[in-house]
Amino acid sequence: MLDNNGLQALPEQFSHLQRLKMLNLSSNLFEEFPAALLPLAGMEELYLSRNQLTSVPSLISGLGRLLTLWLDNNRIRYLPDSIVELTGLEELVLQGNQIAVLPDNFGQLSRVGLWKIKDNPLIQPPYEVCMKGIPYIAAYQKELAHSQPAVQPRLKLLLMGHKASGKTLLRHCLTEERVGGSQGGADKEKSYSPSPPPGSKGIEVTSWTADASRGLRFIVYDLAGDESYEVIQPFFLSPGALYVLVVNLATYEPCFFPTTVGSFLHRVGARVPHAVVCIVGTHADLCAERELEEKCLDIHRQIALQEKHDAEGLNRLAQVVDEALARDFELRSASPHAAYYGVSDKNLRRRKAHFQYLLNHRLQILSPVLPVSCWDPRLLQRLRDKLLSVAEHREIFPNLHRVLPRSWQVLEELHFQPPQAQRLWLSWWDSARLGLQAGLTEDRLQSALSYLHESGKLLYFEDSPALKEHVFHNLTRLIDILNVFFQRDASLLLHKLLLGTNGEGEAEGESFPAMALPTPNQDVLRATQLHHYVEGFLLHGLLPAHVIRLLLKPHVQAQQDLQLLLELLEKMGLCYCLNKPKGKPLNGSTAWYKFPCYVQNEVPHAEAWINGTNLAGQSFVAEQLQIEYSFPFTFPPGLFARYSVQINSHVVHRSDGKFQIFAYRGKVPVVVSYRPAKGVLQPDTLSIASHASLPNIWTAWQAITPLVEELNVLLQEWPGLHYTVHILCSKCLKRGSPNPHAFPGELLSQPRPEGVAEIICPKNGSERVNVALVYPPTPTVISPCSNSWSLNEPRTFNIVGNQRPQAYSCWKKHL
Ligand SMILES: Nc1nc2c(ncn2[C@@H]2O[C@H](COP(=O)(O)OP(=O)(O)OP(=O)(O)O)[C@@H](O)[C@H]2O)c(=O)[nH]1
């Protein structure tokens, strides 16, 4: 172990250490790969992480016994072709370098199980292929050998911002040039069709060829500002996009910064670390020159303050970890008052690495704030030019010019051509037929579809038994469908349902009373019934399948299509079926779906076993377990709703409230609670609790552990998010303490210390707590896949992904 020593070179004689099998030279100052290592043919594990290497010598292939090679966080631009000769490699870690192209025949490294490649400006294969693993890279390289390479510069552009900030008008002006150009300000009212009524448009996506000569196309996403869309917005925030945060300068006041700018930046940063953000101030025509200048300056100043505050906070937290690490583990475990009491060095280092990651991947906010008026062609043109220059900046979007096999590109184009373009989805076979036209045989289709899915062009769930037979290529229509669910406007929903019932008399499944020739009375009856459904939806998030079908007309017609769509919505974590046994049919009864983001009742309908807002009522026999997650900077929008769906496969007899879920895991009760922030001192928290009597406390652990792991998986979709996990002290909870002691959540992933029966809780005069109330019987999985690339990556539903920024974070772009 020679890590962390400031080494720049090794003596020549080092090569005499012929029996050396493992060497750790990480965190040193090597600028060149130490030549003295190359003759060490027996070497099995070599760690050169966090140095300053710029290249790897081709003689590395001489280390033929190498199983582990860690070269992450260097400055490597190229890998030698000979690296593929290291066929015994099981771990290859290359993240955080400058690698754009992988050598051919990468498939030879088929034994690599731990593969890390994020944070490289990859274009060949593109990142979406590389992150899927070696077999996908091999398939890509094979395909490229078959087919011509093609370059397709395309960038996803996301317009975000508060309601009525001017996103839609800006999109029209930028992409259609309706208002700008020769028309000028005088014709403005005539030249732009009025906005649709609020809440009726939702998220929209358009394609904009910004520079025909260079073939550069933006896929513009206009994310609705209304908060009802919060639960689906994160799906669209994907790495490699250009984020445009739109602020209405006419209404902006410094006190509105947190809601109109600050919170958006936090969200983007939490979801897409190191994202590129450009701030655009609209309504400049309504501001005096001085006012404009002051407001832009204020936004600029407050962004800097927010960034400084966040970075200082993270630095302080990292320092606490450093201090804990500086102490010996034994010492740390003997001081219950100290931070990270009992936490292992490994867990502390992991924590430290995360803080470092968060600090190194702050947002890339382009300044200054760009003021525009949608009626001023000059300002609009300036914005267009700016967006183009940012997109084409090699340092900012290095992989805009990714290389694809021509066959994959043709396959994509064919999916979007008539007649198939109009359909909501294609069967796998239909897609395979298109594949043949593109020159792809069936066995090569999978990798092409997988790439198109990963890059957000279409949805193809190769791992889902229910969905893998379908290719969801019509994303615009899918977004239209999502918009239907998130309108939250009773009259609009009712209107849709009434339209939908026309001709429903002969429809399959449950139907409404005799609709062939409705009498006025029947009309009233039908309207009343539908009104109840709408009320139930807006209050409890409940809808029966046949009403969902009415709502989705004309997008969805056949029962089978509806079924598929509901599967998709479940997969996205937007709803769950209340009464469908997993994987079994419903035997003719009506399926009811619950959309947790719509639940309005503050507290779940109390069940027999519980009569309060927590489990304290059981204190006479039970011990409580409660794991609490807190989110000091930002709480991911829609997280609680998504989590509510995610846990459904683990629980029974559930009852959902707006902020709480009561349920059972087998016979053991569990409570999941979300507590929104109350000012800066009390952050948002999400907790998972259960209880049992002490001898049987393992049952409570069994109840909550899968829920904890499920939350950990979900949180990986926000790799830039800072949150902490704690195990609340059972004794404090039992006493009803308003501020129970919190043991570090890291203990959940550590084995119970041997020979220790009790742990000290520093509150209430150093009380002793049974060790079984702090440590689970077997360690839980913190990051469920820390030793496998594919699972380690957060999951994202990336409706259209695109290029990744230069230093790209870990992501897995599918549901
Ligand atoms: N005077 C003026 N009005 C603008 C400008 N940009 C937008 N507007 C108006 O501001 C209102 C809101 O604009 P939208 O484009 O609908 O806002 P949005 O951000 O898409 O709103 P949501 O979809 O609710 O999030 C509309 O009436 C626009 O015509 C501008 O630069 N100047």
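Rules behind the numbers
- Residues numbered from 1 in each chain as written.
- Predicted model: local features only at pLDDT ≥ 70, side-chain atom pairs only at ≥ 80, totals over all residues.
- Heavy atoms only, no water.
- Near = heavy atom within 4 Å.
- Polar contact = N/O pair within 3.5 Å; in protein donor to acceptor, adjacent residues only side chain to side chain.
- Areas by Shrake-Rupley, 256 points an atom, 1.4 Å probe, with all protein chains shown as cover.
- Nonpolar A, V, L, I, M, F, W, Y, C, P; charged D, E, K, R; others polar.
- Helix = DSSP H or I, 4+ residues; strand = E, 2+ residues; numbered from the N terminus.
- Phe/Tyr/Trp six-rings, centres within 6.5 Å; stacked < 30°, edge-to-face > 60°.
- Buried < 20%, exposed > 50% of the residue type's maximum accessible area, 1.4 Å probe, protein only.
- Pairing = 2+ DSSP bridges.
- Salt bridge = Lys/Arg side-chain N within 4 Å of Asp/Glu carboxyl O.
- Expected span 1.5 Å × (residues − 1).
- Contact = heavy atoms within 4.5 Å.
- 1 Å grid on protein atoms, 1.4 Å probe; cavity = no way out; pocket = protein on both sides within 12 Å on 5 of 7 lines; lining within 4 Å.
- Points joined across faces, edges and corners; volume = space filled by probe spheres on them.
- Domains from an automatic or database assignment.
- Core = buried A, V, L, I, M, F, W, Y, C linked by side-chain atoms within 4.5 Å.
- Axes fitted to C-alpha atoms, helices over the stretch in contact; angles between N-to-C directions.
- Parallel < 35°, antiparallel > 145°, perpendicular 65-115°, else oblique.
- Left-handed = near helix turned anticlockwise from the far one by under 90°.

1. A closer look at the site of the ligand
Neighbouring residues of the ligand: 18 residues in total, closest Lys-167, Thr-168, Lys-201, Gly-225 and Asp-285. Contacts to the ligand include Gly-225, whose backbone N or O atom sits 2.8 Å from an oxygen atom. Measuring from a nitrogen atom of the ligand, one finds a side-chain N or O atom of Trp-375 at 3.2 Å. For the ligand, the protein covers 80% of the area, taking 640 Å² as the surface of the free molecule. Taken together, the residues of the shell around the ligand sort by class into six nonpolar, eight polar and four charged.

2. Quick notes on unusual backbone geometry
Residue Pro-368 is bonded to the preceding Ser-367 through a cis peptide linkage, with omega at 0 degrees. Positionally, Pro-368 belongs in strand 12 (residues 364–371). Note that the residue after Pro-418, namely Pro-419, is joined by a cis bond; omega there is 0 degrees. Its place among the elements puts Pro-419 in the loop between helix 11 (406–415) and strand 14 (426–427).

3. Remarks on the packing of aromatic side chains
Within this structure, the stated rule accounts for 21 aromatic pairs. With a centroid separation of 5.7 Å and 50 degrees between ring planes, the pair formed by Tyr-221 and Phe-236 is classed as tilted. Linking Tyr-221 in strand 9 (residues 216–222) with Phe-236 in helix 5 (residues 233–236), this pair joins segments that are 15 residues apart in sequence. Assessed through its relative accessible area of 0%, Phe-236 is described here as buried.

4. A few points about the pairing of strand 20 (residues 652–656)
Where a strand is regular, its side chains alternate between the two sheet faces. Pairing of strand 20 with strand 21 (residues 660–665), which is carried by three bridges, proceeds in the antiparallel orientation. Bridging across to strand 21, Asp-656 finds its partner in Ile-661. Linking strand 20 back to strand 21 in an antiparallel pair, the connection comprises three residues.

5. Some remarks on the pattern of salt bridges
Tallied over the full model, the rule gives 25 salt bridges. Ionic pairing is found between Arg-351 and Glu-746, a salt bridge with its closest N-O pair at 3.4 Å. Taken together, the residues span a long stretch of sequence, with Arg-351 in helix 9 (residues 345–360) and Glu-746 in the loop between strand 25 (742–744) and strand 26 (758–761) at a distance of 395 residues. By relative accessible area, Arg-351 is classed as buried at 14%. Of the charged contacts in the structure, one is a salt bridge between Arg-378 and Asp-376, with a shortest N-O distance of 3.5 Å. Given the relative accessible area of 59%, Arg-378 is considered exposed. In the salt-bridge network here, residues are joined through shared partners; they are Arg-171, Glu-204 and Asp-222.

6. Here's the deal with helix 13 (residues 442–454)
A rise of 1.5 Å per residue sets the reference length of helix 13, with its 13 residues, at 18 Å; its end C-alpha atoms lie 19 Å apart and thus fit the reference within 8%. Here helix 13 lies mainly inside the structure; ten of its 13 residues are buried. The complete set of buried residues in helix 13 reads Arg-444, Leu-445, Ser-447, Ala-448, Leu-449, Ser-450, Tyr-451, Leu-452, His-453 and Glu-454. Structurally, helix 13 contributes buried residues whose contacts are with helix 1 (127–130), helix 2 (134–146), strand 13 (403–405), helix 11, helix 12 (428–437) and strand 15 (470–471). After helix 13 finishes, the residue Gly-456 shows a positive phi value of roughly 80 degrees.

7. Details of the side chain of Ser-373
Looking at where Ser-373 falls in the secondary structure, it is placed in the loop between strand 12 and helix 10 (377–391). In this structure the side chain of Ser-373 is engaged in a polar contact, spanning 3.1 Å, whose partner is the side chain of Asp-285. Not counting residues within four places of it along the chain, the set of residues in contact with Ser-373 comprises Ala-284, Asp-285, Leu-379 and Leu-380.

8. As for the pairing of strand 24 (residues 724–728)
Of all five residues in strand 24, four are buried, a share of seventy percent or more. Here four bridges tie strand 19 (residues 623–631) to strand 24, and the two strands are oriented antiparallel to one another. Opposite Glu-628, over in strand 24, you have His-726 as the bridge partner. In terms of strand pairing, strand 24 meets strand 25 through three bridges, oriented antiparallel.

9. Looking at empty space enclosed by the protein
Per the counting criterion, the structure on display carries six cavities of 30 Å³ or more. Every element with two or more residues in the lining of the largest cavity is listed here: helix 6 (257–271) and helix 7 (289–326). The class makeup of the residues in the lining of the largest cavity is eight nonpolar, eight polar and three charged. Mapped onto the domain boundaries, the lining of the largest cavity takes at least three residues apiece from domain 2 (154–391) and domain 5 (619–779). Approximately 60 Å³ is the volume found for the second largest cavity. Lining the second largest cavity are Met-160, Gln-233, Pro-234, Leu-237, Arg-267, Arg-271, Pro-637 and Trp-718. Taken together, the elements giving at least two residues each to the lining of the second largest cavity come down to helix 5 and helix 6. Counted by class, the lining of the second largest cavity contains five nonpolar, one polar and two charged residues.

10. Considering the nonpolar core
The nonpolar side chains of a soluble globular protein tend to be buried, and buried together. Ranked by size, the top nonpolar core spans 81 residues in total, and within it Ile-232, Phe-236, Tyr-243 and Phe-485 carry the most contacts. Per-element accounting of this core gives the leading share, seven residues, to helix 14 (residues 475–485). Ignoring anything within four residues of it in the chain, the contact list for Tyr-243 reads Leu-158, Met-160, Leu-237, Ser-238, Val-268, Val-272, Ala-275, Val-276, Val-277 and Cys-278. Counting 63 residues, the second largest nonpolar core, distinct from the first, contains Leu-37, Leu-63, Leu-449 and Leu-452.

11. Structural notes on helix 11
Within helix 11, seven of the ten residues are buried, which leaves the element mostly enclosed by the surrounding structure. Buried within helix 11 we find Ser-407, Trp-408, Gln-409, Leu-411, Glu-412, Leu-414 and His-415.

12. Looking at the packing of helix 6 against helix 7
For the pair helix 6 and helix 7, interaxial distance at closest approach is 11 Å and the crossing angle is 45 degrees. By the criterion of interaxial angle, the relationship of helix 6 to helix 7 is oblique. Viewed along their axes, helix 6 and helix 7 form a crossing whose handedness is right-handed. Here helix 6 contributes Phe-257, Val-261, Gly-262, Leu-265 and His-266 to the contact with helix 7, which in turn contributes Ile-299, Gln-302, Ile-303, Gln-306 and Asp-310. Residues of the contact of helix 6 with helix 7, tallied by class, amount to five nonpolar, four polar and one charged.

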